[in-house]
Amino acid sequence: MSVKITINHVEQTKISSYDIENVEFGKVFTDHMFSVDYIGGVWQNSRIEPFGKIALSPTLSALHYGQAIFEGMKAFKNSKGEVAFFRPMENLKRLNTSAERMCMPQLPAEIFMEALQKLVKLDEAWIPQKLGSALYIRPFMFATDDFLGVKQSETYKFMVYACPVNAYYNHYLKVKVEEYYTRGAKGGAGSAKCAGNYAAAMYPTMLAQKEGFDQVLWTDGATHTFLEETGTSNVFVITKDAIYTPELSDTLLAGITRKSVIELAKDWGKTVVEKHISINELIEWHETGALLEMFVSGTAATLTNIELFSYKGKSYQLDMNIDLLSARIKAEFNAIRMGDIPDRFNWMIALN
Ligand SMILES: *Cc1c(COP(=O)(O)O)cnc(C)c1O
């Protein structure tokens, strides 16, 4: 299938109004955006237009019943000025997994890749080049039926916009192990990157932040004794014996950064164990001195260390003055993304 995208260029780029190597996170968007409509069972009217507002009916079903899913990914510009996407097909796979769970249509790979290639090519000048900078790309799909009743929509819109982002200021995180609220239950939609999951997480997160924590460390909905993940990141625990991360299930999001950490760590000969990690086990590792490091992984901030976790009102501090493995993983990711070392995992897809 070849995809014909109609392109309507901006009259004048707004890039000169910004220093793209120093932008506020998530507030500056490139000149263009992509959209395609799903009508009568067919994706049609692929187009790139100037970034801007879109007109929507108050009856738009996504606004009421929440059929809305998204992805987050990045493109990098290396020191030679070459641009490449980081594992974009993984994002497409996950988008379509989320779509299936939310009763939304599958997006063909041709449309996804052509949208990314054309949009990023057009707005290539917006990609910052400094180490830690990237073009953050947000593909998303939502239901567009104008209908009051609760049912799956027949029409959808898939869109992509992008924004330059710079290195996060990575402070260490203090997390609260959640004992009451649940992010994803067995049989629920926790493994879908769907809008409602984030809305439902805001209240418990706000409560944790009022107590001085940065994030909630979610636990399983049934017993609140097994670790799941944090806000928009997966969690890793490193002990003297192995690197542990909660095993995938329908209660947590299968992060692409998580997958990449596992692949890299195994390549380095480390033991990586995906399993249920109980809070008691974590505390025991802490008490016996086996616990070395905890970090979260996600596209936006890559890897961020946890310096403290709290459970049942008691805080457990980690020693941050050690040689952090997470720092070495992060450096290796950067080197691959910036083309400083060979891409031995074939993670990067070039912009052409
Ligand atoms: C997006 C997301 C992640 C991380 O996924 P990446 O592909 O690594 O960015 C983890 N947990 C949740 C809940 C997420 O939404």
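This text follows the structure it describes.
A. Structural context of the pattern of salt bridges. What the rule picks out here adds up to 22 salt bridges. A salt bridge links K157 to D37; the nearest nitrogen and oxygen atoms lie 2.8 Å apart. Taken together, the positions of K157 in strand β8 (residues 156-165) and D37 in strand β2 (residues 32-39) put the pair 120 residues apart, joining distant regions of the chain. Taking the relative accessible area as the measure of exposure, D37 reaches 10% and is therefore buried. One salt bridge in this structure joins E90 and R87, with 3.9 Å as the shortest N-O distance. Salt bridges sharing common partners tie together R87, E90, K93, K259 and E263.

B. Seen up close, empty space enclosed by the protein. Considering all chains together, one arrives at 1 cavity of 30 Å³ or more under this definition. Volume-wise, the largest cavity comes out at about 70 Å³. Taken together, G72, M73, K74, F86, N91, I256, T257, T299 and R337 make up the lining of the largest cavity. Going through the elements one at a time, β5 (73-77) and α5 (256-267) are the ones with two or more residues in the lining of the largest cavity.

Definitions and limits used
- Residues numbered from 1 in each chain as written.
- Predicted model: local features only at pLDDT ≥ 70, side-chain atom pairs only at ≥ 80, totals over all residues.
- Heavy atoms only, no water.
- Salt bridge = Lys/Arg side-chain N within 4 Å of Asp/Glu carboxyl O.
- Helix = DSSP H or I, 4+ residues; strand = E, 2+ residues; numbered from the N terminus.
- Buried < 20%, exposed > 50% of the residue type's maximum accessible area, 1.4 Å probe, protein only.
- 1 Å grid on protein atoms, 1.4 Å probe; cavity = no way out; pocket = protein on both sides within 12 Å on 5 of 7 lines; lining within 4 Å.
- Points joined across faces, edges and corners; volume = space filled by probe spheres on them.

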